[in-house]
Amino acid sequence: MLGGYRFHYNSSSDIYSFDSVGTKGIVRKIVKFDRLQDDLFNVCLADLDPQTGCISDSVTTNNGDADLVLLTVASIGLHFMEKHAGSALFIQGSDAKRTRWYQMGLARNWRFIEPKFKLLGYKDENWEPFRKGTNYIAFYLEKRLNWQYGTKRSKKTR
Amino acid sequence: MAQKDPKKPGKAVFPEKQCLDNDPFFVKKRLAAIAFLDKAGYPPAELLSGQKGKAGMHKK
């Protein structure tokens, strides 16, 4: 696990959940991976209201722990891709601000991501290898074929 | 939509996967992602690792 909050996986619903603890109290977060095509999954992060059961990502929680939430989502993504060998993730926020938030997280953890995963960004109507400092509107992530969990970082991948 | 657990007031119980798949929220997200990729095109194979099933579709 990369870090962040402890998360739970519900096998019957195939959904991940964790509690965001911050200035506004406890907010239940859920992460669901929706199959789009073959082994490509869309990453959905949302808030769950335990009282009403309503799921939404249209509200900015502002719980003061955005970095922790992002780390948790990354850990969950890692867990999911390990469970679903050969899977790839499509990542796009519900709006430009959220997409930028994901981008910042990816850039911040680039040193960890780059050796292990193939990360692409969508910009100017084209997919391209992710570059730090470039603004993208969507991302595609898959595990590199020559990397397995437990493999030491190779100079060749730098 | 997650359902309430009658034995635990305030505790949401996740329904089965199929129910969640059909939740309006996730349906909307899934359709939006599909629409985006249909328009933008999937990542081209030459950029990918060459894993099975990853062959990209050209942008329409």
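Residues numbered from 1 in each chain as written. Chains lettered and ligands numbered in written order. Predicted model: local features only at pLDDT ≥ 70, side-chain atom pairs only at ≥ 80, totals over all residues. Heavy atoms only, no water.

Within chain B, the secondary structure is distributed over 2 helices and 2 strands. Order of helices (α) and strands (β) in chain B, N terminus to C terminus: β-β-α-α. Sorting the 60 residues of chain B into buried and exposed places 38% on the buried side. In chain B, the proportion of contacts linking residues at least 24 apart, taken out of those at least 6 apart, comes to 0%. In the structure as shown, chain B presents an accessible area of about 4000 Å², 60% of it carried by carbon and sulfur atoms. (Helix = DSSP H or I, 4+ residues; strand = E, 2+ residues; numbered from the N terminus. Buried < 20%, exposed > 50% of the residue type's maximum accessible area, 1.4 Å probe, protein only. Contact = heavy atoms within 4.5 Å. Areas by Shrake-Rupley, 256 points an atom, 1.4 Å probe, with all protein chains shown as cover.)

Further remarks concern the confidence of the model for chain B. Residues and elements named next belong to chain B. Per-residue confidence for chain B gives a mean pLDDT of 71; residues scoring 70 or more make up 52%. Averaged pLDDT values over the elements of chain B bottom out at 52 in strand 2 (residues 8–13) and peak at 93 in helix 2 (residues 24–40). Low pLDDT, under 50, characterises residues 51–60; the predicted model gives this stretch 28 contacts beyond four residues in sequence or across chains. At the level of chain-chain contacts, confidence expressed as ipTM amounts to 0.82, with global pTM at 0.80. (pLDDT = per-residue confidence, 0-100.)

A few words now on the environment of Leu-145 of chain A. In this fold, Leu-145 of chain A is placed in the segment after strand 9 (138–143). A sequence separation of 28 residues divides Leu-145 of chain A from Phe-117 of chain A, and the C-alpha atoms of the two residues are 8.6 Å apart.

With respect to the helices and strands, Thr-99 of chain A occurs in helix 2 (residues 96–108). Not counting residues up to four positions away in its chain, the partners in contact with Thr-99 of chain A are Gln-92, Gly-93, Tyr-136, Ile-137, Ala-138 and Phe-139 of chain A.

Another point: the pairing of strand 4 (residues 40–48) of chain A. The two faces of a sheet get side chains in turn, since along a regular strand they alternate between them. All names here are of chain A. Counted residue by residue, strand 4 has 9 buried out of 9 residues, so it is predominantly covered. Pairing geometry for strand 3 (residues 25–37) and strand 4, over 9 bridges, is antiparallel. Bridge pairing in strand 4 links Asp-34 to Asn-42. Between strand 3 and strand 4, which follow one another and run antiparallel, lie 2 residues, and Asp-38 among them has a positive phi close to 45 degrees. Pairing of strand 4 with strand 6 (residues 88–91), which is carried by 3 bridges, proceeds in the parallel orientation. Each residue of the ladder has a partner; that of Leu-40, found in strand 6, is Ala-88. With 2 bridges connecting them, strand 4 and strand 5 (residues 55–56) associate as antiparallel partners. Residue pairing for strand 5: Leu-48 is matched across the bridge by Ile-55. (Pairing = 2+ DSSP bridges.)

What follows deals with helix 2 of chain B. Residue and element names in this part refer to chain B. Over its 17 residues, helix 2 extends 24 Å from the first C-alpha to the last, a length consistent with the 24 Å expected when each residue adds 1.5 Å. Where helix 2 begins, the capping side chain belongs to Asp-23, and its oxygen is found 2.8 Å from the backbone nitrogen of Phe-25. Looking one or two residues beyond helix 2, the residue adopting positive phi is Gly-41, at roughly 90 degrees. (Expected span 1.5 Å × (residues − 1). Polar contact = N/O pair within 3.5 Å; in protein donor to acceptor, adjacent residues only side chain to side chain.)

Residue and element names in this part refer to chain A. In this structure, Phe-18, Val-31, Phe-33, Leu-45, Leu-89, Phe-139 and Leu-141 are the most contacted members of the largest nonpolar core, which totals 29 residues. Where this core is concerned, the elements lending two or more residues are strand 2 (15–22), strand 3, strand 4, helix 1 (66–83), strand 6, helix 2, strand 7 (117–123) and strand 9. With 7 residues, helix 1 is the single largest residue contributor to this core. Look past the residues within four positions of Phe-18 in its chain and what remains in contact with it is Tyr-5, Arg-6, Phe-7, Val-27, Arg-28, Lys-29, Val-31, Leu-45, Val-69, Thr-72, Val-73 and Ile-76. (Core = buried A, V, L, I, M, F, W, Y, C linked by side-chain atoms within 4.5 Å.)

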